[in-house]
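# Observations on the three-dimensional arrangement
Listed here are the chains, written in short residue letters.
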Amino acid sequence: TAGNLPESSCKPLSGLKDAIGGDNVKVIVADDYEIMSREAAKIVAAEIRKKPDSVFALPTGGTPLGLYAGLIRMHKEEGLDFSRVSTFNLDEYIGLPDGHESSYSFYMYDRFFNHVNVSRDKIHIPRGLAKDPEEEAATYEWAIKRAGGIDFAVLGIGRNGHIGFNEPKTEFGSLTRPIYLAKRTIEANARFFDGDPDSVPRQAISMGIRTIMNARKVILLASGPEKSRAINQTIHGPVTEMVPSSVLQLHPDCTFFLGRDAA
């Protein structure tokens, strides 16, 4: 499906149904990042309007910035109401305080939460300085269940197919837990640490694959040619723990929003 985008701007990825054998996964290809972000924001906004107390899993990084900008605009110009929404971040670095400019907590408040009317007591982000990361992860998983589970998970994707910080070889049955980052992930994230890989934390707390797959609806955003191999493996390759994102082929309601260069 191409959703509501003009035919010239968005077309279905050829051969998708043959590749995965079902209608549970949809792929929307947009000509540029702005179109991709705008259309993804519309889907998120529609979910909030349909279910004002929706529970979201939210990502960080460069890709979702356009999505967040679109949601902020709709809040300010169209009255999109976040007051009853609950959010759970996909992950957080271990060892960084909340106020650290490279922490995901800082990112979320700076780029999104400070600009919409989401209630602070409904925002959930793993604590990077928790004394016991294992206990923090278990508490986080319990909080998700107490909230009724994730209604809508928004994902990015790493060059090696990681979703959240679930690196290759992650068990599909994994729940929220502390993990070690792959070398490739550390190198890719060095751009958020003044280009210095040595400054990137080696560990993070991340939602697990099972936690993500339990979400009732999933969308994944990807742009840039550096993501194209991971996207190809995710959609057309075998479902394998070597490509964690490939498990999304099995999700009952998953939509990929892709820039043409990633598709």
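Calculation rules
- Residues numbered from 1 in each chain as written.
- Predicted model: local features only at pLDDT ≥ 70, side-chain atom pairs only at ≥ 80, totals over all residues.
- Heavy atoms only, no water.
- Buried < 20%, exposed > 50% of the residue type's maximum accessible area, 1.4 Å probe, protein only.
- Helix = DSSP H or I, 4+ residues; strand = E, 2+ residues; numbered from the N terminus.
- Arc of directions from axis to C-beta.
- Contact = heavy atoms within 4.5 Å.
- Axes fitted to C-alpha atoms, helices over the stretch in contact; angles between N-to-C directions.
- Nonpolar A, V, L, I, M, F, W, Y, C, P; charged D, E, K, R; others polar.
- Phe/Tyr/Trp six-rings, centres within 6.5 Å; stacked < 30°, edge-to-face > 60°.
- Salt bridge = Lys/Arg side-chain N within 4 Å of Asp/Glu carboxyl O.
- Expected span 1.5 Å × (residues − 1).
- pLDDT = per-residue confidence, 0-100.
- Parallel < 35°, antiparallel > 145°, perpendicular 65-115°, else oblique.
- Left-handed = near helix turned anticlockwise from the far one by under 90°.
- Patch = residues over 30% accessible without salt bridge, like charges linked within 9 Å, V, L, I, M, F, W, Y side chains within 5 Å.
- Areas by Shrake-Rupley, 256 points an atom, 1.4 Å probe, with all protein chains shown as cover.
- Lys, Arg positive; Asp, Glu negative; His and termini not counted.
- Charge placed at Lys NZ, Arg CZ, Asp CG, Glu CD.
- Pairing = 2+ DSSP bridges.

## Some points on helix α4 (residues 104–111)
Every buried residue belonging to α4 is among Tyr 104, Ser 105, Tyr 107 and Met 108, and all of these are buried. All buried residues of α4 fall inside an arc of 160 degrees around its axis, so they share one side. Residues of α4 that are buried sit in contact with β3 (55–58), α3 (65–78), β4 (86–89), β5 (91–93) and α6 (183–189).

## Notes on the packing of α3 against α4
At a minimum axis distance of 10 Å, the contact between α3 and α4 shows a crossing angle of 40 degrees. Along its contact with α3, which presents Leu 65, Tyr 68 and Ile 72, the element α4 presents Tyr 107, Met 108 and Arg 111. For the contact of α3 with α4, the class distribution of residues is five nonpolar, no polar and one charged.

## Some points on the packing of aromatic side chains
Counting across every chain of the model gives 11 aromatic pairs. Where Tyr 93 meets Phe 193, the ring centres are 5.5 Å apart and the plane angle is 80 degrees; that geometry is what we call edge-to-face. With Tyr 93 in strand β5 and Phe 193 in the loop between α6 and β9 (203–206), this residue pair connects regions lying 100 residues apart in the sequence. Aromatic pair Tyr 104 and Phe 165: ring centres 6.1 Å apart, planes at 25 degrees, arrangement stacked. With Tyr 104 in helix α4 and Phe 165 in the loop between β7 (152–155) and β8 (177–180), this pair connects stretches of sequence that are 61 residues apart. The pair Tyr 104 / Phe 165 is uniform in exposure class, with both members buried. These aromatic residues form a ring-pair network of at least three members: Tyr 68, Phe 82, Tyr 107, Tyr 109, Phe 112 and Phe 113.

## Describing the pattern of salt bridges
Evaluation of the coordinates by the stated rule reveals 13 salt bridges. A salt bridge links Glu 77 to Arg 73, with the shortest nitrogen-to-oxygen separation between them at 3.1 Å. With Glu 77 and Arg 73 both in helix α3, this residue pair falls four residues apart, about one helical turn. Taking the shortest distance from any N to any O, the salt bridge between Arg 127 and Glu 136 comes out at 2.8 Å. Because the salt bridges share partners, they merge into one network encompassing Arg 49, Arg 73, Glu 77 and Glu 78.

## Description of helix α2 (residues 33–50)
Between its first and last C-alpha, α2 extends 26 Å over 18 residues, near the 26 Å set by a 1.5 Å rise per residue. When we look at burial in α2, the residues that qualify are Ile 35, Met 36, Ser 37, Glu 39, Ala 40, Ala 41, Val 44, Ala 45, Glu 47 and Ile 48. Each element contacted by the buried residues of α2 is listed here: β2 (25–30), β3, α3, β7, β10 (217–222) and β11 (254–259).

## Quick word on the confidence of the model for the chain
Chain-level pLDDT for the chain is 90 on average; 91% of the residues reach the 70-or-more range. The low-confidence segment residues 1–22 (pLDDT under 50) makes 42 contacts with residues lying over four places distant or belonging to another chain.

## Observations regarding the packing of α2 against α3
As a packed pair, α2 and α3 sit with axes 8 Å apart at the nearest point and diverge in direction by 55 degrees. As far as their axial angle goes, α3 and α2 are oblique. In this structure, α2 meets α3 at a crossing whose hand is right-handed. Residues Tyr 33, Ser 37, Ala 40, Ala 41, Lys 42, Val 44, Ala 45 and Arg 49 of α2 form the contact with α3, whose participating residues are Leu 65, Gly 66, Leu 67, Gly 70, Leu 71, Met 74 and Glu 78. By residue class, the composition of the contact of α2 with α3 is nine nonpolar, three polar and three charged.

## Looking at a positive patch on the surface
Taken together, the side chains of Arg 159, Arg 184, Arg 191 and Arg 229 present a region of like positive charge at the surface. Counting through the fold element by element, Arg 191 comes out in the loop between α6 and β9. Residue classification places Arg 191 among the exposed residues on the basis of a relative accessible area of 52%.

## Details of the pairing of β7
Residues Phe 152 and Val 154 of β7 are buried on one face, and the alternating residues Ala 153 and Leu 155, pointing to the opposite face, are buried as well. Bridge count for β3 against β7 is two bridges, and the pairing is parallel. Looking at β7, one finds that Phe 56 is bridged to Phe 152.

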